[in-house]
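Geometric and topological summary
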Amino acid sequence: MQLFMEQPWIHKAKTDSVFILLPPFLVLAVVVLFQDWLAGIQEDYSFYTWLFLIVFIDVAHVYSTLFKTYFNPKTFEQQKRLFLGLPLLCLLIGIVLFSFGSKVFWSVLAYVAVFHFIRQQYGFMRLYSRKEPRTQLNRSIDSLVIYAATGYPMLYWFLSSPRKFNWFMEDEFFRFENQTVLKILGVCYFLIMLFYVIRTVILSVRQKFFNVPKNAIIAGTALSWYFGIVYFNNDLIFTLLNVVSHGIPYMALIYLKEIESEPSRNYGVFTYLKRFQGVVIFVLILTVIAFFEEYLWEILVWNEHFSINAADFSNWHVLLVPLLTVPQFTHYLLDGFIWKSK
């Protein structure tokens, strides 16, 4: 069986494995082995978990899109209307939504975010199955399993008793508690997973080939979503599995495809990133921008970790909140365009 030959790596076996495939498995191992330790971290070091997970991974990964779009003169020129028009559209939509109340605004954004997270896993699965026979049956079964792996945990969230975590804010999703429907969905979910495993084993034996990265993506997705949302009911565990499994692979994909694999690019910021410590500069740029954005959120909206004494911007939230959300909202929507040809 050709376990390590002719695999459809995006970059190389080592880099793909460490930065794209490993994160959900590594985080889940930490969660299982160190649950009590994580509980203490959640209680005593909330600022640092926020800084590392939300700012340096979740927010930073949003800005990594810049290296595939706005920082790339050739790509920017080709899709200038989209890149300039979409942020303005996101701002206008945001203002309209916020005019109906902050709950409406954050609820809509939460649903868009969930769709984006699901589609990212679908996209990785497609990238890693690009060398397989492109039959309709193969595509349909792959789609079924990746959407089951992500869809069932979200339906569980909507239909179960209240969870101890949120995507953005409390009561952001429509919920209808129904244990009967949950049991039916659970049976369907496990049957789909079992069917996929059995089919994959049979095909691997027949074809004498096992697609390591595609099946690792599917397994990692299923494990991180199930344990992060269904099995554990813990805010830090959900954030760890959600943010790390999503943000790090995305940043790695941007760096490996747009910088590391493009030696001909010698313009702008790419010139510096091609030097010996390019990845360090890449990460530093993202973390600085992410921290600056979150600092603005803190002093203008949240006032949880940082604040300006005697400053009240609440009357401006109808403009400030949609404006500060533009990078995030644009990232969610733009991602549906920039990877289509890949």
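In what follows, the structure referred to is the one given above.
Residues numbered from 1 in each chain as written. Predicted model: local features only at pLDDT ≥ 70, side-chain atom pairs only at ≥ 80, totals over all residues. Heavy atoms only, no water.

When helices and strands are tallied, the protein chain shows 13 helices and 0 strands. For the protein chain, the α and β elements follow one another from N to C terminus as α-α-α-α-α-α-α-α-α-α-α-α-α. Taken over the C-alpha trace, the protein chain has a radius of gyration of 21 Å; the compact-globule value for 342 residues is 20 Å, and the two agree within 12%. In terms of overall dimensions, the protein chain has C-alpha extents of about 70 × 55 × 40 Å along its principal axes. Counting the 342 residues in the protein chain, one finds 48% classified as buried. Relative to all contacts within the protein chain whose residues are 6 or more apart in sequence, the contacts with residues 24 or more apart total 76%. Carbon and sulfur atoms provide 66% of the accessible area of the protein chain, an area that totals close to 18100 Å². Measuring between centres, the 27 positive side-chain charges of the protein chain sit 16 Å from its 23 negative side-chain charges. (Helix = DSSP H or I, 4+ residues; strand = E, 2+ residues; numbered from the N terminus. Rg over C-alpha atoms; globule rule 2.2 N^0.38 Å. Buried < 20%, exposed > 50% of the residue type's maximum accessible area, 1.4 Å probe, protein only. Contact = heavy atoms within 4.5 Å. Areas by Shrake-Rupley, 256 points an atom, 1.4 Å probe, with all protein chains shown as cover. Lys, Arg positive; Asp, Glu negative; His and termini not counted. Charge placed at Lys NZ, Arg CZ, Asp CG, Glu CD.)

Interaxial distance between helix α6 (residues 102-128) and helix α7 (residues 136-159) falls to 10 Å at its minimum, and their mutual angle equals 150°. What the angle tells us is that α6 and α7 run roughly antiparallel. The way α6 lies across α7 gives a crossing that is right-handed. Contacts between α6 and α7 pair Y111, V114, I118, R119, Q121, Y122, M125 and R126 from the former with R139, D142, S143, I146, Y147, T150, M154 and F158 from the latter. Among the residues forming the contact of α6 with α7, the class breakdown is 9 nonpolar, 3 polar and 4 charged. (Axes fitted to C-alpha atoms, helices over the stretch in contact; angles between N-to-C directions. Parallel < 35°, antiparallel > 145°, perpendicular 65-115°, else oblique. Left-handed = near helix turned anticlockwise from the far one by under 90°. Nonpolar A, V, L, I, M, F, W, Y, C, P; charged D, E, K, R; others polar.)

Applying the stated criterion to the full structure yields 4 salt bridges. For K80, the salt bridge goes to E77, with nearest N and O atoms at 3.6 Å. Given a relative accessible area of 52%, E77 falls into the exposed group. Residue D142 is joined to K214 by a salt bridge in which the shortest nitrogen-to-oxygen separation is 3.2 Å. Remark: K214 occurs in helix α9 (residues 212-231) and D142 occurs in helix α7; sequence separation between them is 72 residues. Taken as a pair, D142 and K214 share a single burial class, namely buried. Taken together, the shared-partner salt bridges connect E132, D142 and K214 into one network. (Salt bridge = Lys/Arg side-chain N within 4 Å of Asp/Glu carboxyl O.)

A few words on the nonpolar core. Counting residues in each nonpolar core, the largest one holds 94 residues, and the members touching the most others are I20, M154, W157 and W167. It is helix α10 (residues 235-260) that contributes the most residues to this core, 15 residues altogether. Apart from the residues lying within four places of it in its own chain, the contact partners of I20 are I10, T15, F124, Y128, I217, P249, A252 and L256. (Core = buried A, V, L, I, M, F, W, Y, C linked by side-chain atoms within 4.5 Å.)

Glancing now at the packing of aromatic side chains. Enumeration over the complete set of coordinates arrives at 35 aromatic pairs. Arranged with centres 4.5 Å apart and planes meeting at 20°, the rings of Y152 and Y189 form a pair that is stacked. With Y152 in helix α7 and Y189 in helix α8 (residues 179-207), the pair connects residues that are 37 residues apart, well separated along the chain. Here Y189 falls in the buried class, since its relative accessible area comes to 6%. A connected cluster of aromatic rings, assembled from ring pairs, spans Y111, F117, W157, F158, F165, W167, F173 and F238. (Phe/Tyr/Trp six-rings, centres within 6.5 Å; stacked < 30°, edge-to-face > 60°.)

Despite not being glycine, D171 has its phi angle at roughly 55°, a positive value. As for its placement among the helices and strands, D171 is situated in the loop between α7 and α8. The backbone of N303 sits at a positive phi, close to 55°, despite the residue not being glycine. Inspection of the secondary structure puts N303 in the loop between α12 (278-302) and α13 (317-338). On the basis of relative accessibility, which here comes to 38%, the residue N303 falls in the partly exposed class.

Packed helices, taken two at a time, are described by the angle between their axes plus the distance between the axes. Running from amino to carboxyl end, α7 crosses α8 at an angle of 150°, the nearest separation of the two axes being 10 Å. As the angle between them shows, α7 and α8 are arranged roughly antiparallel. As α7 packs across α8, the resulting crossing turns out to be left-handed. Residue-level contacts link L137, N138, I141, D142, L144, V145, A148, A149, Y152, L155, Y156 and L159 of α7 to V181, L182, L185, G186, Y189, I192, M193, F195, Y196 and R199 of α8. Within the contact of α7 with α8, the residues separate by chemical class into 18 nonpolar, 2 polar and 2 charged.

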